[in-house]
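# Topology and contacts: notes
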Amino acid sequence: MIRLFAGIDFPEHIQEQLYSLRGGVPGASWKPKENLHITLRFIGNVDEADADYIHEGFMQIRAPAFNLQMTQVGFFATGSQMRHLWTGVNYYQPLDFLHDKIENVLNRYKIPLDKHKFHAHATLATLRGTTPEDVQKFIEYNNLFKSDEFYVDHFNLYSSHKKTRGEEGSYYKIEAQYPLFGFYE
């Protein structure tokens, strides 16, 4: 079994800009710079044969390239429990289009639907015991955040692996890249 997701990686200078948002939030577990990405679709655990089918399907996707900029910050919560800090995008239409193409491939191979509605973002931190007031301060301090604009000309199929004993979290490996063609209008 292999744990997969489709996503978009960031150029190094965008990773640095996102990484600079770290700090000032008690209970935040910040994502390592190399793990910052936009998840287009979490796939989950699949066997090797299904992974091969998914790869073949993703190779058939035709979608345009586009420019993107990370903007604003926000949070996800369950009830009053703060869960994640994120940064959003300035231009979600090409990401929605690409997400739908990926979803069509996964539906074809009977991969269960994602239980979460797609919301284009990069997760900055996981929160444990963080108060709404702490999150509000972070948002107020960073509410004008905008990264440089960058060009997205591919998406990736990632595998997710648990870190070794004594280390918390996961690391991600790019299993394949899929080009985007033309330009989104």
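Residues numbered from 1 in each chain as written. Predicted model: local features only at pLDDT ≥ 70, side-chain atom pairs only at ≥ 80, totals over all residues. Heavy atoms only, no water.

### A word on the overall build of the protein
So the rule is basically this: Comment: elements are numbered from the N terminus, with helices defined as DSSP H or I runs of at least four residues and strands as E runs of at least two. Each radius of gyration is computed over the set of C-alpha atoms, and the globule rule expresses the reference value as 2.2 Å times the number of residues to the power 0.38. With a 1.4 Å probe rolled over the protein chains alone, any residue whose accessible area is under 20% of its type maximum counts as buried; one over 50% counts as exposed, and the rest are partly exposed. The contact definition used throughout considers only heavy atoms, calling two residues in contact when any of these lie within 4.5 Å. The Shrake-Rupley method, run with a 1.4 Å probe sphere, supplies the accessible areas, and residue values consider only the shown protein chains as cover. Positive: Lys, Arg. Negative: Asp, Glu. His and the chain ends are not part of the count. Note on charges: their place is set at NZ of Lys, CZ of Arg, CG of Asp or CD of Glu.
Counting secondary structure elements, the protein contains four helices and eleven strands. Computed over its C-alpha atoms, the radius of gyration of the protein comes to 17 Å, within 12% of the 16 Å expected for a compact globule of 185 residues. Every one of the 185 residues in the protein was classed for burial, and the buried ones make up 45%. Long-range contacts, defined here as pairs at least 24 residues apart, represent 76% of the contacts in the protein between residues at least 6 apart. On the protein, roughly 10300 Å² of surface is accessible, and the fraction owed to carbon and sulfur atoms is 49%. Taken as two groups, the 19 positive and 23 negative side-chain charges of the protein have centres that lie 6 Å from each other.

### A closer look at helix α4 (residues 132-142)
This is how the line gets drawn: What the arc describes is the spread of directions from the helix axis to the C-beta atoms.
Every buried residue of α4 is listed here: Asp134, Val135, Phe138, Ile139 and Asn142. The arc enclosing the buried residues of α4, seen along the axis, measures out at 135°, which places them on a common side. Exposed side of α4, more than 90 degrees from the buried face: Glu133, Lys137, Glu140 and Tyr141 are the residues found there. Each element contacted by the buried residues of α4 is listed here: β2 (28-30), β5 (70-78), β6 (81-89) and β7 (121-127).

### A look at the sheet that holds strand β10 (residues 170-179)
Test applied: Between any two strands, pairing holds if DSSP finds at least two bridges. Angles run from 0 to 180 degrees between N-to-C directions of axes, and those axes are lines fitted to C-alpha atoms, restricted for helices to the stretch in contact.
Within the open sheet, the four strands sit side by side as β3-β1-β9-β10. Their pairing is antiparallel. Looking at the sheet topology across the chains shown, the edges are occupied by β3 (37-46) and β10. Mean inter-strand twist for the sheet, computed between neighbouring axes without regard to direction, equals 25°. Pairing between strand β1 (residues 2-9) and β3: eight bridges, direction antiparallel. Opposite leucine 4, over in β3, you have glycine 44 as the bridge partner. Across the sheet, helix α3 (residues 93-108) lies against β1, β3 and β9 (154-162), angled at about 10° from β3, the strand it touches most.

### Some words on the pattern of salt bridges
Defined as follows: Any carboxyl oxygen of Asp or Glu that lies within 4 Å of a side-chain nitrogen of Lys or Arg is treated as forming a salt bridge with it.
The tally for this structure, following the rule as stated, stands at two salt bridges. Residue lysine 33 pairs with glutamate 16 through a salt bridge whose shortest N-O separation is 2.5 Å. Taken together, the positions of lysine 33 in the loop between β2 and β3 and glutamate 16 in helix α1 (residues 12-19) put the pair 17 residues apart, joining distant regions of the chain. Residue class for lysine 33 comes out partly exposed when judged on its relative accessible area of 23%. A salt bridge links arginine 41 to glutamate 103; its shortest N-O distance comes to 2.8 Å. Of this pair, arginine 41 sits in strand β3 while glutamate 103 sits in helix α3, and the two are 62 residues apart along the sequence. Assigned by exposure class, arginine 41 and glutamate 103 land together as buried.

### Let's talk about the packing of aromatic side chains
Aromatic rings in a pair are described by how distant their centres are and how their planes are angled relative to each other. To keep things clear, this is the line we draw: Each Phe, Tyr or Trp ring, with Trp reduced to its six-membered ring, pairs with another whose centre is within 6.5 Å; inter-plane angles below 30 degrees give stacked pairs, above 60 give edge-to-face pairs, and intermediate values give tilted ones.
One pass over the full model with this rule turns up nine aromatic pairs. Seen in terms of ring centroids, phenylalanine 5 and tyrosine 158 are 4.7 Å apart; in terms of plane orientation they differ by 10°. Their pairing is stacked. One end of the pair, phenylalanine 5, is in strand β1; the other, tyrosine 158, is in strand β9, and 153 residues separate them in sequence. The exposure classification of phenylalanine 5 matches that of tyrosine 158, with both residues buried. On the basis of an interplanar angle of 65° and a centroid distance of 5.6 Å, the ring pair of phenylalanine 58 and phenylalanine 155 is categorised as edge-to-face.

### Quick look at a negative patch on the surface
What counts here: The patch calculation keeps residues exceeding 30% relative accessible area without a salt bridge and links them within 9 Å when they carry like charges or within 5 Å when they are nonpolar (Val, Leu, Ile, Met, Phe, Trp, Tyr).
Residues Asp47, Glu48, Asp52, Glu56 and Glu175 make up a contiguous surface patch of negative charge. If you tally residues by element for the negative patch, the top one is helix α2 (residues 48-59), at three residues. As for its placement among the helices and strands, aspartate 47 is situated in the loop between β3 and α2. Assessed through its relative accessible area of 36%, aspartate 47 is described here as partly exposed.

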